[in-house]
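# Chains, contacts and geometry: an overview
Single-letter residue listing:
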Amino acid sequence: MPSYTIPMLILGLESSCDDCSAAVVEETAAGPVLRSLVRESQDAIHGPFGGVVPELAAREHLLQVRAVMAAALAQAGVGLTGLDRIAVTRGPGLVGSLLATFSASKAAAWRHGLPWVGVHHLLGHLNAARFAAPDLPFPALVLLVSGGHTHLYLAKDWTSLQLLQKTRDDAAGEAFDKTARMLNLGYPGGPVVDACAQAAPRTAEPFTPPKFRDGKASWSFSGLKTGVKLRVERNPRLAEAGAADPEVQGLCRSLQEAISTWLLKPLPALAQEHSARSLVISGGVACNSRLRSEAARLAARAGLRLAIPEPRLCTDNGAMIAAAGALLTPEGDPWIQNADADLKLGA
């Protein structure tokens, strides 16, 4: 049983990259209940550049944050004075983006005398799974995979993560985005590559998985991007053929199969080694249809309870921050806290 009073209303705020989001979550004895969720996307702004431009993202957050907060409160039918605490992403992320909701949350907490808690972004992604599986058995393997992170953790509960392995270079989500850019399919790359892969009549030549001479457990996706680049250079028509082209679709399917296979390959052995009872997959790449279906098969074979948030809770959002913030102890003196682009877990 939690040590805090329940039910409790928490406003969660998230702006670590290019999404500005706010949510009101009610923490109950049965777990978190989503009362509202508002998310303002910047895809149209960053799309022409094929990726996030930090300065543009930060400026847009400053324009969005007040309206996003107000909309989330209005949807939940509550004012700031009706909240029990405010939770916000403290890091990691783009520091200019982080500061938008970080500063707004502290101002609101100070003005209304509300408890305030800073949340690690990846801890938020773990707690997104609480909405679907509040009774998740631990220990759990936690695969957090997005455009900026590809990390595998062991969790003993909802507030502690021990790193087991991570990518040596690029995140898996970046491979989706850069592939879509090379094929001129649009931004963000994950959804459009997934759609093309599902429409593919056949799979293209498979990609060769990376090998590490030192034998250390990790992932690498930079070579995968290079592999796509070389195939496009050998067949330049792919860059202009479009999403309806069977060869483009086959390439996307091959890429998607490689990413999902590589991500899941080490999990059965690690689950056995650490006596894991559950598997959590979260982050933007957890929206991918192939990864979700393959993870379900793996979990069934390994006897693991699988928890993958619904797609709107996989991407960066305020609800996951509120869910994590409900379980953390509020800062005694939040006014001296600052956003941290390189925040470490446990800091």
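Residues numbered from 1 in each chain as written. Predicted model: local features only at pLDDT ≥ 70, side-chain atom pairs only at ≥ 80, totals over all residues. Heavy atoms only, no water.

The element strand 4 (residues 85-91) is extensively covered by neighbouring structure, given that seven of its seven residues are classed as buried. Note: strand 1 (residues 8-14) against strand 4, four bridges, orientation parallel. If you follow leucine 13 over to strand 4, its bridge partner there is valine 88. In terms of strand pairing, strand 4 meets strand 5 (residues 116-120) through five bridges, oriented parallel. Bridge pairing links isoleucine 86 to tryptophan 116 in strand 5. In this view, the connection linking strand 4 to its parallel neighbour strand 5 by way of helix 3 (residues 95-112) has right-handed handedness. (Buried < 20%, exposed > 50% of the residue type's maximum accessible area, 1.4 Å probe, protein only. Helix = DSSP H or I, 4+ residues; strand = E, 2+ residues; numbered from the N terminus. Pairing = 2+ DSSP bridges. Right-handed = clockwise from strand over helix to strand, strands pointing away.)

Estimates place the volume of the largest pocket at around 1,100 Å³. What lines the largest pocket is a set of 35 residues, among which Cys17, Ser146, Gly147, Gly148 and Asp177 lie closest to the centre. Taken together, the elements giving at least two residues each to the lining of the largest pocket come down to helix 4 (121-127), helix 5 (172-182) and helix 6 (189-199). At five residues, the largest contribution of residues to the lining of the largest pocket is made by helix 5. In the lining of the largest pocket, the residues fall into 10 nonpolar, 16 polar and nine charged. Surrounding the second largest pocket, 20 residues form its lining, Pro209, Pro210, Trp219, Trp262 and Lys265 being those nearest its centre. In the lining of the second largest pocket, the residues fall into 10 nonpolar, seven polar and three charged. (1 Å grid on protein atoms, 1.4 Å probe; cavity = no way out; pocket = protein on both sides within 12 Å on 5 of 7 lines; lining within 4 Å. Points joined across faces, edges and corners; volume = space filled by probe spheres on them. Nonpolar A, V, L, I, M, F, W, Y, C, P; charged D, E, K, R; others polar.)

We now examine helix 9 (residues 246-264). For helix 9, with 19 residues, the first-to-last C-alpha span of 27 Å sits near the 27 Å given by 1.5 Å per residue. With respect to burial, helix 9 is a largely interior element, 15 of its 19 residues being buried. The N-cap of helix 9, judged by a side-chain oxygen 2.9 Å from the amide nitrogen of glutamate 247 a few residues on, is aspartate 245. (Expected span 1.5 Å × (residues − 1). Polar contact = N/O pair within 3.5 Å; in protein donor to acceptor, adjacent residues only side chain to side chain.)

This next bit is on the packing of aromatic side chains. Counted by the stated rule, this structure contains three aromatic pairs. Each ring, one from phenylalanine 102 and one from tryptophan 116, has its centre 5.3 Å from the other, and the planes form 90°; the classification is edge-to-face. On the criterion of sequence distance, the pair formed by phenylalanine 102 in helix 3 and tryptophan 116 in strand 5 is long-range, its members being 14 residues apart. For the pair phenylalanine 102 and tryptophan 116, a shared accessibility class is recorded, and that class is buried. Both rings, one in phenylalanine 138 and one in tryptophan 158, keep their centres 5.2 Å apart while their planes meet at 85°; by these two values the pair is edge-to-face. Placement of the pair is phenylalanine 138 in the loop between helix 4 and strand 6 (140-145) and tryptophan 158 in the loop between strand 7 (150-157) and strand 8 (160-166), with a sequence separation of 20 residues. Across from the ring centre of phenylalanine 212, 4.1 Å away, lies the NZ or CZ of arginine 168, which sits over that ring. Sitting above the plane of the phenylalanine 207 ring, arginine 231 keeps its charged end 3.8 Å from the centroid. (Phe/Tyr/Trp six-rings, centres within 6.5 Å; stacked < 30°, edge-to-face > 60°. Lys NZ or Arg CZ within 6 Å of the ring centre and 35° of its normal.)

Our focus in this paragraph is the packing of helix 9 against helix 11 (residues 289-302). Packed helices, taken two at a time, are described by the angle between their axes plus the distance between the axes. Running from N to C, helix 9 and helix 11 point in directions that differ by 35°, and their axes come no closer than 9 Å. Our pair here, helix 9 against helix 11, has a crossing hand that is right-handed. Along the contact surface, helix 9 presents Gln256, Glu257, Ser260, Thr261, Leu263 and Leu264, while helix 11 presents Ser289, Arg290, Leu291, Glu294, Ala295 and Leu298. Tallied by class, the residues present in the contact of helix 9 with helix 11 amount to five nonpolar, four polar and three charged. (Axes fitted to C-alpha atoms, helices over the stretch in contact; angles between N-to-C directions. Left-handed = near helix turned anticlockwise from the far one by under 90°. Contact = heavy atoms within 4.5 Å.)

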